[in-house]
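Inside the fold
As a plain string of letters, each chain reads:
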Amino acid sequence: MKFGEWIDLQRRIFRNAQPGLLWVIGFLVLQVSCEWGGPPTIMVTAEEFRFSPARIEWVTDQPLRLLIRNQGRERHVFHSQELFGPEAKVLWHQPRVALQEANAVVLEPGQSIELSFTASAGLYPFRCWIKGHTGMEGAILIKDFSSS
Ligand SMILES: [Cu+2]
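Chains are numbered independently. Their residues run from 1 in the order of the written sequence. Where local features are concerned, this predicted model is filtered to residues with pLDDT of at least 70; where side-chain atom pairs are given and counted, the filter is 80 or more; whole-chain, interface and lining totals use all residues.

A word on the pairing of strand β9 (residues 112-119). Here six bridges tie strand β4 (residues 64-70) to β9, and the two strands are oriented antiparallel to one another. Of the residues in β9, the one forming a bridge with Leu67 is Glu114. Here six bridges tie strand β6 (residues 88-94) to β9, and the two strands are oriented antiparallel to one another. In the strand pairing of β9, Val90 is matched with Phe117. A pair of strands is considered paired only if DSSP assigns at least 2 bridges between the two. Comment: elements are numbered from the N terminus, with helices defined as DSSP H or I runs of at least four residues and strands as E runs of at least two.

Quick look at the nonpolar core now. Think of a nonpolar core as buried Ala, Val, Leu, Ile, Met, Phe, Trp, Tyr and Cys residues, each tied to the set through C-beta atoms within 7 Å. With C-beta atoms placed from the backbone, a residue is labelled by how many other C-beta atoms lie within 10 Å of its own: buried for 20 or more, exposed for 12 or fewer, partly exposed between the two. In this structure, Ala46, Ile68, Phe78, Leu107 and Tyr124 are the most contacted members of the largest nonpolar core, which totals 20 residues. Looking at this core, the elements with two or more residues in it are β4, β8 (104-107), β9, β10 (122-127) and β11 (137-143). The biggest single contributor to this core is β4, with three residues. The contact partners of Tyr124, leaving out residues within four places of it in the chain, are Ser80, Glu82, Leu83, Ala88, Ala119, Ala139, Ile140 and Ile142. Here, residues touch in the contact sense if the C-beta positions derived from the backbone fall within 7 Å of one another.

And the structure:
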């Protein structure tokens, strides 16, 4: 099957699908990708003046791996009270020196940090608090897989 045909098939299937079914399919895809080389990493880029993607959805029973990269020309901050707070548990991060005070990661141009964490269901907003960087914000929505 050609790639274009595969995409068309997906469109036809997903047009009439129930949200619950989408989560099941998403979960199965996730399971397969886990078996084929570890959980996927979601890349978030910071630049002037936005994070992309700004909205991320995930499920509670899978560790979320985030690679946050500053692709801009200015220093940016990835700050999240909730993500670095008690509701979420950061399993590891690289490089270790980059995680700084006040639940924030400061990233110079070209720098990146990779985080892996588990979190209970809820909304985890993040933003850049540097003056003038209004609008650099986003959120991670963690859903309880069993209730979807
Ligand atoms: Cu910024």
